[in-house]
Amino acid sequence: MTIVPFLKMHGLGNDFVVLDARKQKLDLTVKQRQRLADRHMGVGFDQMVTLENPVSAGADVFMRLHNADGSEARACGNATRCIAARIMGEKGHGNVVIETVSGLLAAEAIGNGHIAVDMGPAHLDWQDIPVAAACDTLHMPVALGPVSDPVGVNVGSSHAVFFVDDVNAIDLPLIGPQLENHSFFPNRANIEFAQIIGPDRIRMRVWERGAGITLACGSGACGTLVAAARRGLTSRKGEVIVDGGTLTIEWLENGHVRMTGPWTLSYEGQIDLDALVNGHG
Ligand SMILES: N[C@H](CCC[C@H](N)C(=O)O)C(=O)O
């Protein structure tokens, strides 16, 4: 038996299983993660977060991320707010630094249960997305059915943002997976569809790399605001309205992206990981 501290947390309906591996090492296989992610056989999640002891000085915790398909994710905005809130509770103060494979993320409690996170710099070069061929990421040569000409942004995770007239008219389950796995994205990509509502408001829906349709994607909201500002469609600060709620995103003058929004904890307990991931049937 491997009894592990277990949390179910949510950022605007983007849902996470949080396993605490700070006292005992956890090393799940891809198949075991997929089993845990299964909403019928396991517990279900968009991303799984494993908390580990930090490596870098100044970090309060290390956050490792995996998608529902078992693959590793390099950033997750919604999970970062959840973990920041959790670690703030542990430490008893409102400023924490979360370490990830993509770097150190500083988070701050700003009241009303909201957390602001510096998601780090928005990377815009084609090699940073990454994409298969040299291009200006402001206009990437990708098209499928009714959508074309996305903007590429890497905010720890890779995003391709397509601007559309009506996000509700997009057949996400049809074109989402084809774009995620498009040959132009050698490491796959998160795919956002964005509709400009006003100079500081964007409606966005997402097909997440490794997780499919989710109700929200924090790094995707960051990428979307940066893409819109680069195209001159919005200012550098605005609200991104996803299916699960609203995030405030600001592309700071120093090139970093600041994301502000809520978090939720719905369950706290322990699980027998062996029984759950290996199954009985
Ligand atoms: N839900 C996450 C995004 C996860 C990105 C992941 N799907 C990948 O890059 O593989 C968020 O709130 O930012």
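Residues numbered from 1 in each chain as written. Predicted model: local features only at pLDDT ≥ 70, side-chain atom pairs only at ≥ 80, totals over all residues. Heavy atoms only, no water.

A separate point is the domain arrangement of the protein. Partitioning the protein into domains gives domain 1 (3–116 + 263–278) and domain 2 (120–260). Computed over C-alpha atoms, the centres of domain 1 and domain 2 are 23 Å apart. Contact with domain 1, which involves 24 residues of that partner, is made by 23 residues of domain 2. Summed over the shared surface of domain 1 and domain 2, the result is two salt bridges. The salt bridge involving Glu 108 is made with Arg 258; its shortest N-O contact spans 3.2 Å. Along the contact surface separating domain 1 from domain 2 lie nine residue pairs in polar contact (both at pLDDT 80 or more). At the level of secondary structure, the elements contributing two or more residues to the side of domain 1 that touches domain 2 comprise strand S5 (72–73), helix H2 (77–91), strand S7 (103–111) and strand S8 (114–121). Tallied by class, residues from the side of domain 1 that touches domain 2 come to eight nonpolar, ten polar and six charged. (Domains from an automatic or database assignment. Contact = heavy atoms within 4.5 Å. Salt bridge = Lys/Arg side-chain N within 4 Å of Asp/Glu carboxyl O. Polar contact = N/O pair within 3.5 Å; in protein donor to acceptor, adjacent residues only side chain to side chain. Helix = DSSP H or I, 4+ residues; strand = E, 2+ residues; numbered from the N terminus. Nonpolar A, V, L, I, M, F, W, Y, C, P; charged D, E, K, R; others polar.)

Here S8 pairs with strand S18 (residues 256–261) via five bridges, running antiparallel. Looking at the pairing, Ala 116 lines up with Thr 260 of S18. Pairing of strand S17 (residues 245–251) with S18, which is carried by four bridges, proceeds in the antiparallel orientation. Looking at the pairing, Glu 250 lines up with Arg 258 of S18. Once S17 ends, the chain turns through four residues before running back antiparallel as S18, passing Gly 255 with a positive phi of about 90°. (Pairing = 2+ DSSP bridges.)

As a further point, take the side chain of Thr 234. Within the secondary structure, Thr 234 sits in the loop between helix H4 (218–230) and strand S16 (237–242). Owing to a relative accessible area of 10%, Thr 234 belongs among the buried residues under this scheme. Apart from the residues within four sequence positions on either side, Thr 234 is in contact with Ile 196, Gly 198, Pro 199, Ile 202, Leu 225, Ala 228 and Ala 229. (Buried < 20%, exposed > 50% of the residue type's maximum accessible area, 1.4 Å probe, protein only.)

One recurring pattern in soluble globular proteins is that nonpolar side chains are buried together. Ranked by size, the top nonpolar core spans 52 residues in total, and within it Val 49, Ile 83, Ile 249 and Val 257 carry the most contacts. Composition of this core by domain shows at least three residues from each of domain 1 (3–116 + 263–278) and domain 2 (120–260). Those residues in contact with Ile 83 that lie beyond four places of it in its chain are Val 18, Val 49, Leu 51, Val 61, Met 63 and Ile 98. Leu 172, Phe 185, Ala 189 and Trp 207 belong to the second largest nonpolar core, which has 20 residues in total. (Core = buried A, V, L, I, M, F, W, Y, C linked by side-chain atoms within 4.5 Å.)

Bringing the UniProt feature "active site" (unreviewed entry) in the protein into the picture now. Look at the UniProt record and you will see "active site" (unreviewed entry) annotated at Cys 76 and Cys 217. With the annotated positions falling across 142 residues, the maximum pairwise C-alpha distance of 7.5 Å places them together in a single cluster. When the annotated set is filtered for residues lining the largest pocket, what remains is Cys 76 and Cys 217. In this fold, Cys 76 is placed in the loop between S5 and H2. Contacts of Cys 76, omitting those with residues within four sequence positions, involve Asn 14, Phe 16, Gln 47, Met 63, Leu 65 and Met 119. Position of Cys 217 among the secondary structure elements: in the loop between strand S15 (212–213) and H4. (UniProt positions renumbered as here; feature names shortened; annotations may be inferred. 1 Å grid on protein atoms, 1.4 Å probe; cavity = no way out; pocket = protein on both sides within 12 Å on 5 of 7 lines; lining within 4 Å.)

Tracing the sequence through the fold places His 256 in strand S18. Residue classification places His 256 among the partly exposed residues on the basis of a relative accessible area of 24%. In the structure, His 256 is positioned 138 residues away from Asp 118 in sequence and 6.8 Å away in space, judged by C-alpha atoms. For His 256, the side chain forms a polar contact with the side chain of Asp 118, separated by 2.9 Å.

Attention shifts here to the layout of surface pockets. In this structure, the largest pocket spans a volume of roughly 240 Å³. Taken together, 22 residues line the largest pocket, and the ones lying closest to its centre are Arg 74, Ser 157, Ser 158, Asn 190 and Arg 209. Looking at the lining of the largest pocket, the elements with two or more residues in it are S5, strand S12 (157–163) and H4. Tallied by class, residues from the lining of the largest pocket come to five nonpolar, twelve polar and five charged. (Points joined across faces, edges and corners; volume = space filled by probe spheres on them.)

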